[in-house]
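Architecture and fold: a report
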Amino acid sequence: MGATVKSRPEIQTIALAGNLNVGKTCIFNALTGARQYVGNWPGVTVEKKEGRLIHEGRTYHVIDLPGTYSLSAYSEDEVIARNYILFDKPHVVINVVDATNLERNLYLTTLLLEMGANVVMALNMMDEAQQRNIEIDPNRLSQLLGIPVVPTVATRNQGIKELIARAVERMAAPSPAPLKIDYGKDIEGEIEKLQELIEKTPVIKDRYPSRWLALKLLEGDRRVIEEIKEIKWDKNAEKILIQAEESRRYLSELLGDDPETLIVDRRYGFIAGLVREAVKKKPGVEKRLTLSDKIDAIVTHRYLGLPIFLVAMWAVFELTFRLAEPLSEWLEEAFGWLGEASAGWLASMGAPEILASFVKDGLFGGVGAVLVFIPPIFLLFFFISLLEDSGYMARGAYVMDRIMHSFGLHGKSFIPMLLGFGCNVPAIMATRTLENRSDRMITILINPLMSCMARLPVYLLFAMTFFPEHTGIVVFSLYLLGILLAILMGRLFRALFFKGEVAPFVMELPPYRMPTAKSVLIHMWDRGSAFIRKAGTIILAVVILVWALANLPVGVEYASEESWLGQLGSVFAPLFQPAGFGHWQAAVALITGILAKEAVVGTLGAVYGVGEEKAHVGILESGHWTPLSAYAFLVMTLIYIPCVATIAVIRRETNSWKWTAFAVAYTLVLGWITAVLIYQVGRLLGFS
Amino acid sequence: MAAVVPLEFARPGKDVIIKEVAGGMGIRRRLTDLGLVKGARAHVVRNDGFGPLILALGDGVSCCRLAIGRGMAHKIMVEEREPVDGSLCSSE
Ligand SMILES: Nc1nc2c(ncn2[C@@H]2O[C@H](COP(=O)(O)OP(=O)(O)O)[C@@H](O)[C@H]2O)c(=O)[nH]1
């Protein structure tokens, strides 16, 4: 390979960069096939996707950078993509570009080129461009930008071979000089001054391309300025910052606008020129309203939009949980049976009883607890991917924005909140569509307050036992309480931890497309498998831990008062006295409820010695409960500590143990306070 | 010379030229990234006086649709123009 290149590590790296929704995922899959793995970028919530490409016997490392429109310091995603290109220096960057949206996509391309990245362009969605009579001349574009441009249709694998060939070829060639856009005499003068200073400062010069850095300083890029400030010990660094400040002031006065705007304007000017040259034929007189607009006129209609969206969501919900339930049940049964069978086999082999029990309830129970989540999660993500790929999801956010805004949330927060009624796990994973970190964190933190399906059996058990006449109202009041608390907490968290406005609502409404099976399945798999990988181990560990607590010391009856779990329950019971349920049975039920909320029912059945089916009899006959304390207990069940799967997914999505611990702590405290309040106020009002 | 008004009040069916974007760097950045820069021309596809607006942003080639929240639309000053026939996406 190229002898001109300085020695490089064995495995060469290809990075993928591009706007959102341009087909980057499709291209990544076409390059790597099944050889991919997902992790997190260090310290942030953003997912990191990597894979391997094998081409002509050589292996290449492929990395999927987050989809971004720009490379400023605007969001975590942009900072990640920028730092990776700047500091990790991938050997080649494949810039995936949407041919139907050339101008906006080229903005990122110019930024990459200005940074000096070694770019190969995948001009994707060529089929759609053709359909819309957009004729782009890839050769001309390639000449103008000085980079290879390969037309592709990612969904049909067209052009992928050529893309790989060009990328590999490009790695062997010497790195190109960064793109130079002419920013006009005045700005160029200041760039030159700064560049001169930069060139004289080795620590900085080695780290950043000098012209790029000069531009960023003129634009007043916060991140870059901060980075340079950190190199203060070099007195030139200080000089550079002072010069940058001076240049910015000079340019603002001279040109009557801030330099950032001027630079961006010039960049767009350059792009407009490119488009004029490389697009051979503009579309004929386009009708004012495209088909997409006509659909939009209905689905984003002032009055119709909301009902349509709610019906769509309801359908997703119904379909998911209806289809998933039998599958989950079947999986649970199959695992129960496998557990029984292995325990039986172990017993027949003369293994100690405790071991058999461990295998049955701990091991198989634990794996089963993970598996029951698979059907709902995969189905839910299947339907959501379908709606997303068709382009409808963006309209949903549009319709909901106004309402969510009044709750201090973003339009895109609605979907996760709604999904929370099904299961908080996929709901929290669905917060990924929120670009702004604050909006996302708040949505994650309040999501457990949405009553998931697993809490319903507990509600029903108590409501039917103590409020046979008003079961519906009681259950509904709990759902409502959850929503109210979520809104309240959302506002509180924003005021306390995530100051600042809700991220302004601007989003692209992509044209409607027929979703392809391949792409929907890929998106479903990406999200679903992430859950199993990351949350699975935590769930398994906790199930085994609780099993141990309930069965030790050796010889005790499962979850009895003498077991460690029972003793733990006795320790916590007094805490719940003010809420009206200060007996160890309730405390034990709450502890196992952390495993899975529905476990509360089974545990109550076990601790009252009547079995799950007769739990209601046990509750009544124990004499521990009054309607009021039962209601307080339900409120506690609604709010306190999310289930382990939810905790695991909060940890995964926030990438922070601190916030995970916070979610556990605040729900526990809030649950306790609310339960106590309800019980005490209820008593004052004469209820019992 | 047409009056400069906040985008919030631009009428559907008209074209607008962006004159000024008030507000912080964050907002400006976001708009810039999506191609809403000073001088850009856009067509107001929808404005119900309620909920976000929909703009067709011109790039001379394609028509991408942008939904813009009212709060943000309040901060964007535009000049209304009669639409140029057939050039929904003209980028003058
Ligand atoms: N017509 C067409 N659709 C494509 C092409 N590439 C991707 N898509 C579709 O565009 C949508 C977004 O693709 P995806 O790979 O998820 O984009 P990403 O957000 O950039 O990762 C999906 O519905 C794909 O099926 C293409 O070349 N032609």
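With that out of the way, let us pick up the overall build of chain A. Each helix and strand counted, chain A has 30 helices and 10 strands in total. Computed over its C-alpha atoms, the radius of gyration of chain A comes to 30 Å, within 12% of the 26 Å expected for a compact globule of 688 residues. Its C-alpha atoms give chain A principal-axis dimensions of about 90 × 60 × 60 Å. Expressed as a percentage of the 688 residues in chain A, the buried residues total 56%. Of the contacts formed within chain A by residues at least 6 apart in sequence, a portion of 72% connects residues at least 24 apart. Counting every atom, chain A has about 29,600 Å² of accessible surface; 62% of that belongs to carbon and sulfur. Across chain A, the centroid of the 66 positively charged side chains sits 5 Å from that of the 69 negatively charged ones.

We now examine the overall build of chain B. When you go through chain B residue by residue, the secondary structure sums to two helices and six strands. The N-to-C order of helical and strand elements in chain B reads β-β-α-β-β-β-α-β. For chain B, with 92 residues in total, the buried portion stands at 64%. The contacts in chain B between residues at least 6 apart in sequence include a share of 65% that link residues at least 24 apart. If you sum the accessible surface of chain B, you get close to 3,200 Å²; carbon and sulfur atoms cover 57% of it.

Next up on the list: helix 17 (residues 392-406) of chain A. Residues and elements named next belong to chain A. Helix geometry: helix 17 is bent most strongly at Met-400, by close to 50°. Within helix 17, 11 of the 15 residues are buried, which leaves it mostly tucked inside the rest of the structure. For helix 17, the full list of buried residues reads Tyr-392, Met-393, Ala-394, Arg-395, Gly-396, Ala-397, Tyr-398, Val-399, Met-400, Asp-401 and Met-404. Phi turns positive, to about 75°, at Gly-408, one or two residues after helix 17.

Our next topic: the packing of helix 20 (residues 437-446) of chain A against helix 30 (residues 657-684) of chain A. All names here are of chain A. Interaxial distance between helix 20 and helix 30 falls to 10 Å at its minimum, and their mutual angle equals 40°. Accordingly, the angle class assigned to the pair helix 20 and helix 30 is oblique. Along this stretch, helix 20 crosses helix 30, giving a crossing that reads as right-handed. Mapping the contact onto sequence places Arg-437, Met-441, Leu-445 and Ile-446 in helix 20 and Trp-659, Phe-662, Ala-663 and Tyr-666 in helix 30. Residues of the contact of helix 20 with helix 30, tallied by class, amount to seven nonpolar, no polar and one charged.

A few words on the packing of aromatic side chains. Residues and elements named next belong to chain A. Overall, the coordinates contain 26 aromatic pairs over all chains when judged by the stated rule. Measuring from centroid to centroid gives 5.1 Å for Phe-462 and Trp-625, while their planes differ by 65°, and the two rings are edge-to-face. Linking Phe-462 in helix 21 (residues 456-466) with Trp-625 in the loop between helix 27 (615-622) and helix 28 (627-639), this pair joins segments that are 163 residues apart in sequence. For Phe-462, a relative accessible area of 0% translates into the label buried. Its relative accessible area of 7% is what places Trp-625 among the buried residues.

On to the site of the ligand. Residue and element names in this part refer to chain A. By nearness alone, 18 residues border the ligand, and Asn-21, Lys-24, Thr-25, Asp-127 and His-523 come closest of all. The side chain of Asn-124 places a nitrogen or oxygen atom 3.0 Å from an oxygen atom of the ligand. At 3.3 Å from an oxygen atom of the ligand is found a side-chain nitrogen or oxygen belonging to Asp-389. For the shell around the ligand, the secondary structure elements donating two or more residues are helix 1 (24-32), helix 4 (126-131) and helix 23 (517-551). At three residues, helix 1 tops the list of elements feeding residues into the shell around the ligand. Each residue belonging to the shell around the ligand can be placed in one class, and the counts come to five nonpolar, eight polar and five charged. Each of domain 1 (13-172) and domain 3 (308-500 + 514-684) contributes no fewer than three residues to the shell around the ligand.

Our next topic: the pairing of strand 4 (residues 58-64) of chain A. Residues and elements named next belong to chain A. With five of its seven residues buried, strand 4 lies for the most part within the structure. One ladder, built from five bridges, connects strand 1 (residues 12-18) with strand 4; its direction is parallel. Note on strand 4: the bridge partner recorded for Leu-16 is Asp-64. In this sheet, strand 4 lies alongside strand 3 (residues 47-55) in antiparallel orientation, the contact comprising seven bridges. Looking at the pairing, Arg-52 lines up with His-61 of strand 4. Turn length for the strand 3-strand 4 hairpin, with the two strands adjacent in sequence and antiparallel, is two residues, and the turn residue Glu-56 shows positive phi of about 45°.

By a frequent convention, interface size equals the accessible area lost on bringing the separate parts together. For chain A, the domain assignment lists domain 1 (13-172), domain 2 (185-281) and domain 3 (308-500 + 514-684). The straight-line distance from the C-alpha centre of domain 2 of chain A to that of domain 3 of chain A is 51 Å.

Negative charge collects at one region of the surface, where Glu-325, Glu-329, Glu-332, Glu-333 and Glu-598 of chain A lie side by side. Mapped onto the elements of the fold, Glu-598 of chain A is located in the loop between helix 25 (584-593) and helix 26 (599-607).

What follows is about the confidence of the model for chain B. Residues and elements named next belong to chain B. Scored by pLDDT, chain B comes out at a mean of 75, with 77% of its residues at no less than 70. No element of chain B has a lower mean pLDDT than helix 1 (residues 25-33), which averages 72, and none a higher one than strand 6 (residues 76-81), which averages 87. Here residues 86-92 is a poorly scored stretch, pLDDT under 50, and it has 23 contacts once near neighbours within four places are set aside; other chains count. Our summary of model confidence lists the complex with pTM equal to 0.71 and ipTM equal to 0.81.

Further remarks concern the nonpolar core. Within the largest apolar cluster, 103 residues are counted, with the highest numbers of intra-cluster contacts made by Ile-446, Phe-462, Phe-581, Leu-604, Trp-625 and Phe-633 of chain A. The greatest single-element share of this core, amounting to 10 residues, is contributed by helix 28 of chain A. Core analysis: the second largest hydrophobic core is formed by 92 residues, Leu-251 and Val-506 of chain A together with Ala-10 and Leu-34 of chain B among them.

This part covers the side chain of Asn-19 of chain A. All names here are of chain A. Looking at where Asn-19 falls in the secondary structure, it is placed in the loop between strand 1 and helix 1. At a separation of 3.0 Å, a polar atom in the side chain of Asn-19 contacts the main-chain carbonyl oxygen of Thr-68. A polar side-chain atom of Asn-19 sits 3.1 Å from a polar atom in the side chain of Arg-104. Beyond its immediate stretch of four places on either side in the chain, Asn-19 contacts Lys-24, Gly-67, Thr-68, Tyr-69, Val-96, Arg-104, Asn-105 and Leu-108.

Here we take up the state of the cysteines. Residue and element names in this part refer to chain A. This structure, assessed with the given rule, holds zero disulfides over all chains. With no disulfide of its own, Cys-643 lies 6.3 Å from the sulfur of Cys-452, the closest cysteine sulfur. Exposure remark for Cys-643: the relative accessible area of 11% places this residue in the buried category.

Residue and element names in this part refer to chain A. Where helix 25 contacts helix 26, the two axes come as close as 8 Å, and the packing angle between them is 145°. For the element pair helix 25 and helix 26, the recorded crossing hand is right-handed. Along its contact with helix 25, which presents Trp-584, Gln-585, Val-588, Ala-589, Thr-592 and Gly-593, the element helix 26 presents Ala-599, Val-600, Thr-603, Leu-604 and Val-607. Of the residues belonging to the contact of helix 25 with helix 26, the class tally is seven nonpolar, four polar and no charged.

Residue and element names in this part refer to chain A. Look at helix 16 (residues 374-390): 24 Å from first C-alpha to last across 17 residues, which is about the 24 Å you get at 1.5 Å a residue. Across the 17 residues that make up helix 16, a large majority, 13, are buried. One or two residues past the end of helix 16 sits Gly-391, with phi positive at roughly 100°.

Moving on, we come to the confidence of the model for chain A. Residue and element names in this part refer to chain A. A residue-level look at chain A finds 93% of positions with pLDDT of 70 or above and a mean pLDDT of 84. Counting interchain partners and residues more than four positions distant, the pLDDT-below-50 stretch residues 1-8 has 13 contacts. Contacts for the low-pLDDT stretch residues 284-288, under 50 throughout, to residues beyond four places or in other chains number 11 contacts.

Thresholds, definitions, all that
Residues numbered from 1 in each chain as written. Chains lettered and ligands numbered in written order. Predicted model: local features only at pLDDT ≥ 70, side-chain atom pairs only at ≥ 80, totals over all residues. Heavy atoms only, no water. Helix = DSSP H or I, 4+ residues; strand = E, 2+ residues; numbered from the N terminus. Rg over C-alpha atoms; globule rule 2.2 N^0.38 Å. Buried < 20%, exposed > 50% of the residue type's maximum accessible area, 1.4 Å probe, protein only. Contact = heavy atoms within 4.5 Å. Areas by Shrake-Rupley, 256 points an atom, 1.4 Å probe, with all protein chains shown as cover. Lys, Arg positive; Asp, Glu negative; His and termini not counted. Charge placed at Lys NZ, Arg CZ, Asp CG, Glu CD. Bend = angle between axes of the 7 residues up to and from the residue. Axes fitted to C-alpha atoms, helices over the stretch in contact; angles between N-to-C directions. Parallel < 35°, antiparallel > 145°, perpendicular 65-115°, else oblique. Left-handed = near helix turned anticlockwise from the far one by under 90°. Nonpolar A, V, L, I, M, F, W, Y, C, P; charged D, E, K, R; others polar. Phe/Tyr/Trp six-rings, centres within 6.5 Å; stacked < 30°, edge-to-face > 60°. Near = heavy atom within 4 Å. Polar contact = N/O pair within 3.5 Å; in protein donor to acceptor, adjacent residues only side chain to side chain. Domains from an automatic or database assignment. Pairing = 2+ DSSP bridges. Patch = residues over 30% accessible without salt bridge, like charges linked within 9 Å, V, L, I, M, F, W, Y side chains within 5 Å. Salt bridge = Lys/Arg side-chain N within 4 Å of Asp/Glu carboxyl O. pLDDT = per-residue confidence, 0-100. Core = buried A, V, L, I, M, F, W, Y, C linked by side-chain atoms within 4.5 Å. Disulfide = S-S within 2.5 Å. Expected span 1.5 Å × (residues − 1).

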